[in-house]
Protein chains: 4
Amino acid sequence: MANRARVLIDCNDQKGLVYRVSKVFYEHDLNIISNREFVDKEDQHFFMRSVVAGDFDAKSLENTLNKELGGRADVKVITPAKKNIILMVTKESHALGDLLIRYIDGELEANIVAVIGNRDNLKSLVERFGIPFITISADGISREEHEDLVMQELAKYSFDYIVLAKYMRILTPKFVATYEGKIINIHHSFLPAFIGANPYKQAYNRGVKIIGATAHFVTNDLDEGPIIAQDVISVNHRFDWKDMQRAGRDVEKIVLSRALKLVLEDRVFVHNNKTVIF
Amino acid sequence: MANRARVLIDCNDQKGLVYRVSKVFYEHDLNIISNREFVDKEDQHFFMRSVVAGDFDAKSLENTLNKELGGRADVKVITPAKKNIILMVTKESHALGDLLIRYIDGELEANIVAVIGNRDNLKSLVERFGIPFITISADGISREEHEDLVMQELAKYSFDYIVLAKYMRILTPKFVATYEGKIINIHHSFLPAFIGANPYKQAYNRGVKIIGATAHFVTNDLDEGPIIAQDVISVNHRFDWKDMQRAGRDVEKIVLSRALKLVLEDRVFVHNNKTVIF
Amino acid sequence: MANRARVLIDCNDQKGLVYRVSKVFYEHDLNIISNREFVDKEDQHFFMRSVVAGDFDAKSLENTLNKELGGRADVKVITPAKKNIILMVTKESHALGDLLIRYIDGELEANIVAVIGNRDNLKSLVERFGIPFITISADGISREEHEDLVMQELAKYSFDYIVLAKYMRILTPKFVATYEGKIINIHHSFLPAFIGANPYKQAYNRGVKIIGATAHFVTNDLDEGPIIAQDVISVNHRFDWKDMQRAGRDVEKIVLSRALKLVLEDRVFVHNNKTVIF
Amino acid sequence: MANRARVLIDCNDQKGLVYRVSKVFYEHDLNIISNREFVDKEDQHFFMRSVVAGDFDAKSLENTLNKELGGRADVKVITPAKKNIILMVTKESHALGDLLIRYIDGELEANIVAVIGNRDNLKSLVERFGIPFITISADGISREEHEDLVMQELAKYSFDYIVLAKYMRILTPKFVATYEGKIINIHHSFLPAFIGANPYKQAYNRGVKIIGATAHFVTNDLDEGPIIAQDVISVNHRFDWKDMQRAGRDVEKIVLSRALKLVLEDRVFVHNNKTVIF
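Residues numbered from 1 in each chain as written. Chains lettered and ligands numbered in written order. Predicted model: local features only at pLDDT ≥ 70, side-chain atom pairs only at ≥ 80, totals over all residues. Heavy atoms only, no water.

In this section: the overall build of chain A. Helix and strand counts for chain A come out as eight helices and 13 strands. Considering only C-alpha atoms, chain A reaches an extent of 60 × 40 × 35 Å along its principal axes. Look at the contacts in chain A between residues 6 or more apart in sequence, and 66% of them connect residues 24 or more apart. For chain A, the exposed area adds up to about 10700 Å²; of that, 47% sits on carbon and sulfur atoms. (Helix = DSSP H or I, 4+ residues; strand = E, 2+ residues; numbered from the N terminus. Contact = heavy atoms within 4.5 Å. Areas by Shrake-Rupley, 256 points an atom, 1.4 Å probe, with all protein chains shown as cover.)

Another point: the side chain of Thr90(D). All names here are of chain D. Its location among the elements puts Thr90 in the loop between strand 5 (83-89) and helix 3 (94-104). Side-chain polar atoms of Thr90 contact the side chain of Asn118, separated by 2.9 Å. Sequence-distant contacts of Thr90, that is, excluding residues within four places in its chain, are made with Asn118, Arg119, Asn121, Leu122, Lys166, Tyr167 and Met168. (Polar contact = N/O pair within 3.5 Å; in protein donor to acceptor, adjacent residues only side chain to side chain.)

This brings us to the relation of the copies chain C and chain B. For these two chains of identical sequence, chain C goes onto chain B by a turn of 180° and a shift of 0.0 Å along the axis, with RMSD 0.0 Å. Taken together, these values place the two copies in the relation of a two-fold axis. If distances are taken from each C-alpha of chain C to the rotation axis, the shortest is found for Arg128(C), at 2.9 Å. When you check the interface residues of chain C against chain B, 100% turn up at the interface there too, and the contact is symmetric in its surfaces. (Least-squares fit on C-alpha atoms with pLDDT ≥ 70 in both.)

Further remarks concern the sheet that holds strand 10 (residues 210-217) of chain D. All names here are of chain D. Spatially, the seven strands line up as an open sheet ordered 7-6-5-8-9-10-11, and their pairing is mixed. In this open sheet, the two edge strands, each paired with only one partner strand, are strand 7 (133-135) and strand 11 (227-234). Adjacent strand axes in the sheet meet at a mean angle of 20°, parallel and antiparallel pairs treated alike. Against the sheet, helix 3 engages strand 5, strand 6 (110-117) and strand 8 (161-164), with an angle of about 150° to strand 6. (Pairing = 2+ DSSP bridges. Axes fitted to C-alpha atoms, helices over the stretch in contact; angles between N-to-C directions.)

Taken together, the side chains of Lys91(A), Arg119(A), Lys201(A) and Lys242(A) define a basic patch exposed on the protein surface. Locating Lys91(A) in the fold gives a position in the loop between strand 5 (83-89) and helix 3 (94-105). (Patch = residues over 30% accessible without salt bridge, like charges linked within 9 Å, V, L, I, M, F, W, Y side chains within 5 Å. Salt bridge = Lys/Arg side-chain N within 4 Å of Asp/Glu carboxyl O. Lys, Arg positive; Asp, Glu negative; His and termini not counted. Charge placed at Lys NZ, Arg CZ, Asp CG, Glu CD.)

Okay, the relation of the copies chain C and chain A next. Superposition record for chain C on chain A: RMSD 0.0 Å, screw rotation 180°, translation along axis 0.0 Å. Taken together, the interface assignments show that 100% of the residues at the interface of chain C recur at the interface of chain A, consistent with an identical surface on both copies.

Turning our attention to the interface of chain C and chain B. Facing 16 residues of chain C, the contacting portion of chain B comprises 16 residues. When chain C packs against chain B, close to 1800 Å² is buried across both sides, 52% of that on carbon and sulfur atoms. When residues of chain C are sorted by the area they lose upon contact with chain B, Ile101(C), Arg128(C) and Asp250(C) head the list and together hold 28% of the total. Where chain C packs against chain B, one counts four salt bridges. Broken down by secondary-structure element, the contributors of at least two residues to the side of chain C that touches chain B are helix 3 (94-105) and helix 8 (241-264) of chain C. Per element, the largest residue contribution to the side of chain C that touches chain B is seven residues, and it comes from helix 3 of chain C. In terms of residue class, the side of chain C that touches chain B is made up of five nonpolar, three polar and eight charged. (Buried area = accessible area lost by both parts, 1.4 Å probe. Nonpolar A, V, L, I, M, F, W, Y, C, P; charged D, E, K, R; others polar.)

All names here are of chain A. Per the domain assignment, the segments of chain A are domain 1 (3-78) and domain 2 (83-277). The distance between the C-alpha centroids of domain 1 and domain 2 comes to 32 Å. Contacts between domain 1 and domain 2 engage 13 residues on the former and 11 residues on the latter. Here domain 1 packs against domain 2, burying approximately 1000 Å² in sum over the two surfaces, 53% of which is carbon and sulfur. Ranking the residues of domain 1 by area buried against domain 2 places Arg6, Phe47 and Arg49 at the top, with a combined share of 49%. (Domains from an automatic or database assignment.)

With that settled, the discussion passes to the interface of chain C and chain A. Opposite the 33 residues of chain C that make contact, chain A presents 33 residues. In this assembly, chain C packs against chain A so that about 2800 Å² is buried in total across both faces, 58% of it on carbon and sulfur atoms. Where chain C touches chain A, the interface holds 18 residue pairs in polar contact (both at pLDDT 80 or more). At the level of elements, strand 2 (31-40), helix 7 (199-206), strand 11 (227-234) and strand 13 (274-277) of chain C are the ones that each hand at least two residues to the side of chain C that touches chain A. If you tally residues by element for the side of chain C that touches chain A, the top one is strand 11 of chain C, at six residues. Looking at side-chain class alone, the side of chain C that touches chain A contains 16 nonpolar, seven polar and 10 charged residues.

A surface patch of nonpolar side chains, amounting to about 240 Å² of accessible area, comprises Ile170(B), Ile195(B) and Leu222(B). Residue class for Ile170(B) comes out partly exposed when judged on its relative accessible area of 47%. (Buried < 20%, exposed > 50% of the residue type's maximum accessible area, 1.4 Å probe, protein only.)

At their nearest, the axes of helix 3 of chain A and helix 3 of chain D sit 10 Å apart, and the two run at 150° to each other. The hand of the helix 3 of chain A/helix 3 of chain D crossing is right-handed. In contact with His94(A), Gly97(A) and Ile101(A) of helix 3 of chain A, helix 3 of chain D contributes His94(D), Gly97(D) and Ile101(D). Its residues assigned to classes, the contact of helix 3 of chain A with helix 3 of chain D comprises two nonpolar, four polar and no charged. (Left-handed = near helix turned anticlockwise from the far one by under 90°.)

Sheets are built from strands paired through backbone hydrogen bonds, the pairs being either parallel or antiparallel. All names here are of chain B. Pairing is mixed in the open sheet, where seven strands are placed in the order 7-6-5-8-9-10-11. Every interior strand has two partners, whereas the edge strands, strand 7 (133-135) and strand 11 (227-234), have only one. Averaged over all pairs of adjacent strands, the angle between their axes in this sheet comes to 20°, without regard to strand direction. In this sheet, strand 6 (residues 110-117) lies alongside strand 5 (residues 83-89) in parallel orientation, the contact comprising seven bridges. Its bridge partner being in strand 6, Ile86 is matched across the sheet by Ala114. Across the sheet, helix 3 (residues 94-104) lies against strand 5, strand 6 and strand 8 (161-164), angled at about 150° from strand 6, the strand it touches most. In the packing of helix 5 (residues 143-154) onto the sheet, contacts are made with strand 5, strand 6, strand 7 and strand 8, and the angle to strand 6 comes to roughly 155°.

Turning to helix 7 (residues 199-206) of chain A, its buried residues number three or more, namely Pro199(A), Tyr200(A), Ala203(A), Tyr204(A) and Arg206(A). Here the buried residues of helix 7 of chain A occupy an arc of 165° about the axis, which is enough to place them on one side. For helix 7 of chain A, the secondary structure elements touched by its buried residues are strand 9 (183-187), strand 10 (210-217) and helix 8 (241-264) of chain A together with strand 2, strand 11 and strand 13 of chain C. One or two positions beyond helix 7 of chain A, positive phi appears at Gly207(A), with a value near 75°. (Arc of directions from axis to C-beta.)

This is the structure in structure tokens:
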């Protein structure tokens, strides 16, 4: 018997959805702690996230909701629990470090089960936190061979999300497909500006007055996945591209942590390559 | 028979509120266009704003909702229509001008029925827009006498809100009580910093790095009313207080217009001297 | 004899530039009210903007500075005076209106000598402010024919800048070349994201969480000119593209006015398709 | 012989200051890498920060500048070097952790020589980074006794700045006077709003829509010292005060790190309880 659950529902919109769902809550004698709905007008799709409290069995609540909604909805009743995440990194410490500090602090609703790096310079930092760091070098092997090694390593763990905390290698479609909807990336630009390599150099060359960062789910199209969070900071002519990079790091780490928090709290729906966030 | 209405409900929280309300919507065969709820955990107060569409009589829908909620809720069913507003100004044109341009553009969900100024320097600007401007000078008379004249003028109009668009005089408790919950002010600081006179000079003297503006409902306590909207901009040591004032004007006008839009769209609940905004 | 001037200098960097310039100021017994310098490290280019006060002849100061700098610098001594600007518009009133209100208020360091529209729906608004509005319809004629008419009209005026206040037509290279460095545009996106038509629809489709606006000088490459100012606001999944457009208008008008202010105060250097702004 | 130095000058304004300083640079055959000046109009005070490069002796350059300026200026020629800092903390890890990660990364232009806590719960985190953590409990002793112990500990180190990274105890005038101009604090509100205890609870009770953080030098007046940096984030009615606190942490840590960077790079002048920052 659970005490609290997050109920996520999405389906084609129709009259009476809120009524049907709230009726089920009412009949189960549940308190609605919070409740948010949204209808995507473009294709009449309905989204709902409720947090409910009471004495109930999560599985049976899910079944009842499914039945009430005629089996046409995607219903999830999630009992809050720490999720397992794996971080992938290359050489920069800021995004990784921000997550480690939150983790140690208990602020992160997740267990960091391992960190995988294609270099080993962050190994010492990670191990200080009692987290295994696995170096899988890409030197002298093909992208596919490298990814196979990474996937073999990943297969050893049970995890909910892979967080690319400044992992600077491009993933193959095979890798992305294997962990579909489970990979979160931080891109160091305000997407869709400056897709691809070295966005700060691009930003510097273009002479922009604001730079940003974008956290998104990874799909096959590079830097084209559903955006979860973005933020920006002001720059000016005195910033060369390295200054932009330095300043951008603060935005990157905050945006990634913020996006991860939203995902871990089951607040993010993905639909039509966009996100609905409650 | 209406086609669309905004339904506003607030009451003490209890189990089944969303269920009861959505049941009424369902039984009236209404589409829920949007739906937002919130429970203030501090005193267990429930707020809900729905936009519904269908064939219905607004008054009868309100009655049914009232009955369903046991008469203990504050229920309003509002058919969207332009509200009437009166602006009060002193001498600065930026907030006034911003509203006038939106008004002419049809962007404002309101009719500006009159502008009252305690000086006449904005008369020419206002009259260009075909709006009556009434000058009520405060010279040589007491605050009470001046306000009596203003209230006599206000009595000639039917209006929903008074918008203080940089009206630089302090209102008496009598005035505020007369138009309780109907007066919106823009204060030229990030409240509660710099309450009172010349906030920009105060900000300059304190050496702050950010200045702001606050739109709020007016209550008897000067600058202490429920906050509707706030925004800020960065400043630095090169700004003297007049530069801060100039820069602040852009924030003031945008914040006031944004707050007014929220109020006109019936998105703002006031509770415990705070706002819940959907 | 002037009392105050803005001195703008840019040239290849070399040792002693600040020394030479400040020596001239010192020998002319001038007060330096403000002084800002910058060296672009990429190509060792030097920029300086000083505001000086004293009894001096602007032309002779310019000559002395030129001589002192060996004739290799671009030197301008500008006695502050209102510049003349011409606005070009299509149908939206927000950017135009913001400039009109500032103009009437005396806040704009410029005279608006005329407004040219390719439609006439803003004529009435502009004429309320005593400014000539010239409608030059593009209906039934080629882009080149239309621009010829516009250029014939422009030829009647003496002006320093053309401000495209939501002028929604693309300019030909001929037009741009004719008024090189004199055309300021507001683009309704955070460039370089969403170049081209209907950026808000593009932003909506991409599911971004932040939208923005960019004021820039116009060059032949569409939306590729030197950026003067940018700003952004947050959006979310509840915004359809029309909501984004509405919200974006506030950013557009503020960014355009801010950029224009910088240009009118002679604070903007253009170099390598980027701006240095003091 | 140095290669690069930061030259800081402040004095009463007078004609020819830039000329005199740049003449010295020129005669020493120095390159000016960057140069910024400011005159506080209120009391005609001049500030200048130059970064110069060349072959020179720092002490002799300082002497020459002092002589050239008639001994009336405060002149510092600083050869960039890592400064020593001591952190003081209580129980929250976010600001401390942010500094530790930057430190390990080499991003901080400082050595963290020690961390002093009035509790020991952050000891394990700090020691992972090879930095001594000294617990000095305040339990059962007076504020003065506790501070004496802290000052005895501080006396063991050579340091340039004390950084209060969420040190939650009030300092006595004696302590502040001992380390005058050397203590940097992060206050968890947008000062001067919400001075004193639990600003987030105050912010929640006031119903603000934006919260912030302020990094400042500590003076005897609690939360009244010269402000170095501030930043804000948006909140809404769904945030209880604990949510505000959580959200505020990201602002606190970024603002503190940003302020510390400015101080470590010798970019901050303090004058009249305000800062001039280049």
